[in-house]
Amino acid sequence: MAAPRDAEIWKDVQTYYGQVLKKAADLQTNACVTSTRPVPKHIQEALQNVHEEVALRYYGCGLVIPECLENCWILDLGSGSGRDCYALSQLVGEKGHVTGIDMTEGQVEVAKKYIGYHMEKYGFQVPNVTFIHGYIEKLGEAGIKNESYDIIISNCVINLVPDKQEVLKEVYRVLKHGGELYFSDVYASLELPEEIRTHKVLWGECLGGALYWKDLAILAQKIGFCPPRLVTASLITVQNKEVERVIGNCRFVSATFRLFKLLKTEPAKRCQVIYNGGITGHKKELIFDANFTFKEGEIVEVDEETAAILKNSRFAQDFLITPIGEKLPTCGGCSALESKEGACYFHQILKGVQIQKRRPSR
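Predicted model only: the values in this text are computed from it and were never measured. (Residues numbered from 1 in each chain as written. Predicted model: local features only at pLDDT ≥ 70, side-chain atom pairs only at ≥ 80, totals over all residues. Heavy atoms only, no water.)

Focus on the sheet that holds strand β12 (residues 299-302)
Okay, so step 1: The sheet built from three strands is open, its strands ordered β12-β9-β13 with antiparallel pairing. If you trace the sheet from one side to the other, it starts and ends with β12 and β13 (319-323), each paired once. Recorded for the sheet is a direction-independent mean angle of 25° between the axes of neighbouring strands.
Okay, so step 2: Taken together, the five bridges between strand β9 (residues 271-275) and β13 define a ladder with antiparallel strand orientation. Across the sheet, I274 pairs through a bridge with L320, a residue of β13.
Okay, so step 3: Along the sheet, helix α12 (residues 304-312) contacts β9, β12 and β13; its crossing angle with β13, the most-contacted strand, is approximately 135°. (Pairing = 2+ DSSP bridges. Helix = DSSP H or I, 4+ residues; strand = E, 2+ residues; numbered from the N terminus. Axes fitted to C-alpha atoms, helices over the stretch in contact; angles between N-to-C directions. Contact = heavy atoms within 4.5 Å.)

What follows is the structure, encoded as structure tokens:
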């Protein structure tokens, strides 16, 4: 049984996304339309194949299509009208599968309406996409089994759920070992005051339920994930004067993170790795996160955690991984540690935002 406040939030969010919003232009902030880096060509092409009505009802806050997708089973939390699901269904191929789950029945109906259209367009004999009406913090009730997915994505949706910990626990349960949650969401620079947390429009606009940025790492560790890995982040701007008044000094960031689920094994070692190249859309260079970029054939020194992730995830076949001290094959004499210092520390982004906020008052 949901708490009265949780049930009220569910109802408000369903109303906002099922009745108030009809298209992305109806949004009152840019929280759900933020893009932070160029979209690879193969993904652009996949998105262009999505039906116009499905794309029109898209309200995501980032691009949540990771790399190395062929034959994967993917679950989309809060799939809405199905835009990302349909793009992914093309990328995983006929041997892969994509499931979308959303609590707004109207959105699920729009998604289901175009299954036949997309399968015919892709030339697939059997549909490889399914849409479910349900709650992302109650995946078991929706019939989703333990360790059944390679990848779980979420696009600006977890903030809409009152109990974030329950969402992450369910994600951990249904992910296979070596799998990952690859997700965009909204984070706040401080613990949100009551006025923001109870504002119906701010909940619908992905701000009222934003997680305090420090809490993500705490929740991830508590549940058993590896520490969150920042991929991209950008400041959310608000032009609506009423919304600006309510949020006051609080600042919001749209960010994409990777959370990996690994078996607890022997302590990992620092390693040198070589990217073999060849991942679709990333054949010469793989931007793994804000801290590591791997170029084909180059030696990169990585920390213990990164080495464990590369060795025990779907990326293992794409890397040559050797503990430091052991001899690596030659690669033309190139050696590099691709590290954007400070870029991977999410707190620096929010601190920078806060400093900028203070400057005008000096």
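Some points on the environment of E326
Okay, so step 1: Along the chain, the position of E326 falls in the loop between β13 and α13 (346-358).
Okay, so step 2: E326 gets classed as partly exposed once you look at its relative accessible area, which sits at 49%.
Okay, so step 3: A C-alpha to C-alpha distance of 9.2 Å links E326 and C271, two positions 55 residues apart in sequence. (Buried < 20%, exposed > 50% of the residue type's maximum accessible area, 1.4 Å probe, protein only.)

Re the environment of A210
Okay, so step 1: Take A210: it is sitting in the loop between α9 (200-204) and β6 (211-212).
Okay, so step 2: Each C-alpha atom, one on A210 and one on E191, is 9.1 Å from the other, the two residues being 19 residues apart in sequence.

Things to note about the nonpolar core
Okay, so step 1: With 33 residues, the main nonpolar core has L75, L77, I152 and F225 as its most contacted residues.
Okay, so step 2: Only β1 (73-77), β4 (149-155), α7 (164-174), β5 (175-188), β6, α10 (213-223) and β8 (252-260) provide two or more residues apiece to this core.
Okay, so step 3: Residues within four places of F225 in sequence aside, it is in contact with L168, V171, Y172, L175, A220, L259, F260 and K261.
Okay, so step 4: In terms of nonpolar packing, the next biggest core, distinct from the first, is built from 31 residues, C72, I74, A87 and I115 among them. (Core = buried A, V, L, I, M, F, W, Y, C linked by side-chain atoms within 4.5 Å.)

Comments concerning the packing of helix α2 (residues 41-48) against helix α4 (residues 83-92)
Okay, so step 1: Put simply, α2 and α4 touch, their axes get as near as 9 Å, and they point 120° apart. Taken together, α2 and α4 sit at an angle that is classed as oblique. The two elements α2 and α4 meet at a crossing, and its hand is right-handed. Here α2 contributes H42, I43, A46 and L47 to the contact with α4, which in turn contributes R83, A87, Q90 and L91.
Okay, so step 2: Tallied by class, the residues present in the contact of α2 with α4 amount to five nonpolar, two polar and one charged. (Parallel < 35°, antiparallel > 145°, perpendicular 65-115°, else oblique. Left-handed = near helix turned anticlockwise from the far one by under 90°. Nonpolar A, V, L, I, M, F, W, Y, C, P; charged D, E, K, R; others polar.)

Quick notes on α4
Okay, so step 1: Here α4 lies mainly inside the structure; nine of its ten residues are buried.
Okay, so step 2: Listed as buried for α4 are R83, D84, C85, Y86, A87, L88, S89, L91 and V92.
Okay, so step 3: Positive phi appears at G93, one or two residues downstream of α4, with a value of about 80°.

So, the packing of α4 against helix α6 (residues 115-122)
Okay, so step 1: Following both chains from N to C, one finds α4 and α6 inclined at 30°, their axes separated by 11 Å at the closest point. With respect to α6, the axis of α4 lies roughly parallel. As for the relative orientation of α4 and α6, their crossing is right-handed in sense. Contacts between α4 and α6 pair Y86, A87, S89 and Q90 from the former with I115, H118, M119 and Y122 from the latter.

A word on the side chain of R314
Okay, so step 1: Within the element layout of this structure, R314 appears in the loop between α12 and β13.
Okay, so step 2: R314 sits in the buried class, given a relative accessible area of 15%.
Okay, so step 3: A polar atom in the side chain of R314 sits 2.9 Å from the side chain of E180.
Okay, so step 4: Beyond its immediate stretch of four places on either side in the chain, R314 contacts P66, E67, C68, C72, I151, G178, E180 and R258. (Polar contact = N/O pair within 3.5 Å; in protein donor to acceptor, adjacent residues only side chain to side chain.)

Quick look at unusual backbone geometry
Okay, so step 1: Phi is positive for E147, which is not a glycine, with a value near 45°.
Okay, so step 2: Residue placement: E147 occurs in the loop between β3 (129-133) and β4.
Okay, so step 3: On the basis of relative accessibility, which here comes to 41%, the residue E147 falls in the partly exposed class.
Okay, so step 4: The phi dihedral of C156 falls on the positive side, at around 60°, and the residue is not glycine.

Regarding the confidence of the model for the chain
Okay, so step 1: Per-residue confidence for the chain gives a mean pLDDT of 84, with 79% of residues at or over 70.
Okay, so step 2: Segment residues 18-26 is flagged for pLDDT under 50; beyond a separation of four residues in sequence, or across chains, it makes 18 contacts in the model.
Okay, so step 3: Note on residues 353-362: pLDDT under 50 across the span, and five contacts to partners over four residues away in sequence or across chains. (pLDDT = per-residue confidence, 0-100.)

Some details on the pattern of salt bridges
Okay, so step 1: For the structure shown, the criterion picks out 16 salt bridges.
Okay, so step 2: Taking the shortest distance from any N to any O, the salt bridge between K176 and D150 comes out at 3.3 Å. Residue K176 is found in strand β5, and its partner D150 is found in strand β4; the two are separated by 26 residues along the sequence.
Okay, so step 3: On the basis of relative accessibility, which here comes to 30%, the residue K176 falls in the partly exposed class.
Okay, so step 4: For R173, the salt bridge goes to E170, with nearest N and O atoms at 2.8 Å. One end of the pair is R173 and the other is E170, both in helix α7 and three residues apart, which spans about a single turn.
Okay, so step 5: Owing to a relative accessible area of 22%, R173 belongs among the partly exposed residues under this scheme.
Okay, so step 6: In this structure E170 comes out as buried when scored by relative accessible area, which is 10%. (Salt bridge = Lys/Arg side-chain N within 4 Å of Asp/Glu carboxyl O.)

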